[in-house]
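Observations on chain architecture
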Amino acid sequence: MRLVIKVGSNVLTRDDGKLDITRMSALVDQVAWLRGEGHEVILVSSGAVASGRGELKVSHRLDSVEQRQLFSALGQAKLINLYYDLFREYRIPVGQVLTMKESFATRREYLNQRACMAVMLDNGVIPIVNENDTVSVTELMFTDNDELSGLIAAMMDADELIILSNIDGIYDGTPGSPGAKVIPEVAPGRDLSTYISREKSGFGRGGMLTKCNIARQVADEGIRVVIANGKRDDILKALMTSPATTLHTEFTPNPDAASNVKKWIAHSASFAKGVVRINSKAADVLRGDRAVSLLLVGVTAIEGDFEEGDIITIADESGSTIGVGRSSYGSDEARRLMGAHDVKPLVHYDYLCLE
């Protein structure tokens with residue numbers, strides 16, 4: 001089984017915001033156990049900023065981006081070295097993969113990343129993935145490593161994504177309040193919006209709403225998702241050996257999973273370079289039961305500048321988004337052929353992801 005395990009900042013940090021090396025060591029012990037049981041593991045690990053925060057006293061005030069860049073530059077080196085030393089006790093090699101949101105924007109970069117991690121796994125190396133905070137800026141950053149782990153899980157065709165946080169799962173009320181219980185299973189399509197707090201917690205950038213949205217999207221792509229408490233002793237072992245008695249929330253996978261290309265497109269909506277507006281007839285056809293491509297005859301307007309192969313958003317006459325897809329044309333040629341019959345589709349069905 002191929003597992004992507006995301007370890008959040010709130011799991012790896014102590015109350016003072018510094019790295020919890022004891023907890024980190026315990027997680028490495030469990031990952032080594034998983035490897036011994038025959039599982040492939042990709043580790044998406046936060047903790048670089050926490051690791052770097054204690055390395056340097058800053059003599060002047062820094063804004064939030066400067067702090068993140070400085071502390072992550074210091075901390076990432078310390079973090080990967082700690083992982084290296086801990087896994088070396090088990091003779092397990094590890095490799096560092098630093099990535100950015102833009103690296104998922106084009107199919108070429110997406111495939112390059114996948115090939116890199118695939119060759120690592122083929123040779124028994126655990127990829128340890130984190131966002132490259134030293135060069136990322138606020139508007140181009142992942143929401144947090146939950147989003148990154150979802151992208152990695154889809155890209156690497158993982159069987160399961162395990163998100164370790166500092167609570168036991170999705171609750172049917174406010175965690176800690178009388179009567180509030182963990183929801184053990186979330187079926188596709190179940191509405192959890194009334195249960196989810198929008199508050200962020202501790203040292204992470206995201207919150208439970210982000211985790212829930214990512215979990216649902218990844219499960220819709222055919223991957224089982226588990227949210228559990230990474231501060232519980234031997235949580236990974238318990239999830240594997242006695243899931244029925246271990247507190248967690250599982251998002252059950254959609255059996256009608258999308259292709260690898262469509263998984264990439266589904267995760268690439270935020271990278272869209274333009275908007276294509278279509279008439280009501282074309283919108284009805286796309287929303288119908290048949291598998292169809294988007295033809296230029298139904299296009300009424302093209303906004304933005306894009307090249308062949310870029311991701312574009314498809315919207316109906318009212319401006320509502322229907323889906324996203326990979327354009328077969330550049331924007332100039334698409335405008336010239338807008339409304340034309342008997343030309344290749346603007347977006348082929350194989351590269352079309354509808355909402």
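Notes on the structure follow. Note that the structure is a prediction, hence the values are computed from the model and not measured.

Reading guide: rules and limits
Residues numbered from 1 in each chain as written. Predicted model: local features only at pLDDT ≥ 70, side-chain atom pairs only at ≥ 80, totals over all residues. Heavy atoms only, no water. Buried < 20%, exposed > 50% of the residue type's maximum accessible area, 1.4 Å probe, protein only. Helix = DSSP H or I, 4+ residues; strand = E, 2+ residues; numbered from the N terminus. Pairing = 2+ DSSP bridges. Phe/Tyr/Trp six-rings, centres within 6.5 Å; stacked < 30°, edge-to-face > 60°. Lys NZ or Arg CZ within 6 Å of the ring centre and 35° of its normal. Axes fitted to C-alpha atoms, helices over the stretch in contact; angles between N-to-C directions. Contact = heavy atoms within 4.5 Å. Core = buried A, V, L, I, M, F, W, Y, C linked by side-chain atoms within 4.5 Å. Disulfide = S-S within 2.5 Å. 1 Å grid on protein atoms, 1.4 Å probe; cavity = no way out; pocket = protein on both sides within 12 Å on 5 of 7 lines; lining within 4 Å. Points joined across faces, edges and corners; volume = space filled by probe spheres on them. Nonpolar A, V, L, I, M, F, W, Y, C, P; charged D, E, K, R; others polar.

1. A few points about the pairing of strand 9 (residues 274–278)
Taking every second residue as pointing to the same face, the buried face of strand 9 carries G274, V276 and I278, while none of V275 and R277 on the other face is buried. Examined bridge by bridge, strand 9 and strand 11 (residues 311–315) share 4 bridges and lie parallel to one another. Paired with G274 across the strands is I312, a residue of strand 11. Looking at chain direction, strand 9 and strand 10 (residues 299–303) are connected through 4 bridges and run antiparallel. For V275, the partnering residue across the bridge sits in strand 10 and is E303.

2. Describing the packing of aromatic side chains
With the rule as written, the count across this model stands at 1 aromatic pair. Geometry around Y329 places K344 over its ring, the cationic atom sitting 5.0 Å from the centre.

3. Concerning the sheet that holds strand 13 (residues 352–354)
The strand order across the open sheet formed by 5 strands is 10-9-11-12-13, and the pairing between neighbours is mixed. Edge positions in the sheet fall to strand 10 and strand 13, since each of these pairs with one other strand and no more. Each adjacent strand pair in this sheet contributes to an overall mean axis angle of 25 degrees, direction not counted. Contacts from helix 10 (residues 280–287) reach strand 9, strand 11, strand 12 (321–326) and strand 13 within the one sheet, and its direction differs from that of strand 9 by about 100 degrees.

4. Quick word on the sheet that holds strand 8 (residues 249–251)
The strand order 3-4-2-1-5-7-8-6 describes an open sheet built from 8 strands, whose pairing is mixed. Pairing within the sheet leaves two strands with one partner each, and these edge strands are strand 3 (94–99) and strand 6 (185–186). The pairing of strand 7 (residues 224–229) with strand 8 spans 3 bridges and is antiparallel. The partner of V226 across the bridge, within strand 8, is E250. Against the sheet, helix 7 (residues 208–220) makes contact with strand 1 (2–7), strand 5 (160–165), strand 6, strand 7 and strand 8, and its axis sits at roughly 155 degrees relative to strand 7, the strand it touches most.

5. Observations regarding the side chain of R23
Looking at the element boundaries, R23 is found in helix 2 (residues 21–36). For R23, a relative accessible area of 18% translates into the label buried. The contacts of R23, once residues within four sequence positions are left out, are V11, G230, K231, R232 and D233.

6. Digging into the nonpolar core
Ranked by size, the top nonpolar core spans 40 residues in total, and within it I152 and F251 carry the most contacts. The set of elements that each furnish at least two residues to this core consists of strand 2 (40–45), helix 5 (107–122), helix 6 (145–155), strand 5, helix 7, strand 7 and helix 9 (260–266). The dominant element in this core, judged by the number of residues it contributes, is helix 7, at 6 residues. Counting 32 residues, the second largest nonpolar core, distinct from the first, contains L12, A48, L79 and V94.

7. Let's talk about the state of the cysteines
Counted under the stated rule, the structure contains 0 disulfides. Cysteine C353 shares no disulfide, and the gap to the nearest cysteine sulfur, in C212, comes to 19 Å.

8. Looking at the layout of surface pockets
Of the volumes computed, that of the second largest pocket is approximately 620 Å³. As for the second largest pocket, its lining consists of 25 residues, of which A266, V324, C353, L354 and E355 are closest to the centre. Among the elements of the structure, helix 6, helix 7, helix 9, strand 12 and strand 13 are those that each provide at least two residues to the lining of the second largest pocket. Classifying every residue of the lining of the second largest pocket by side-chain character gives 13 nonpolar, 6 polar and 6 charged.

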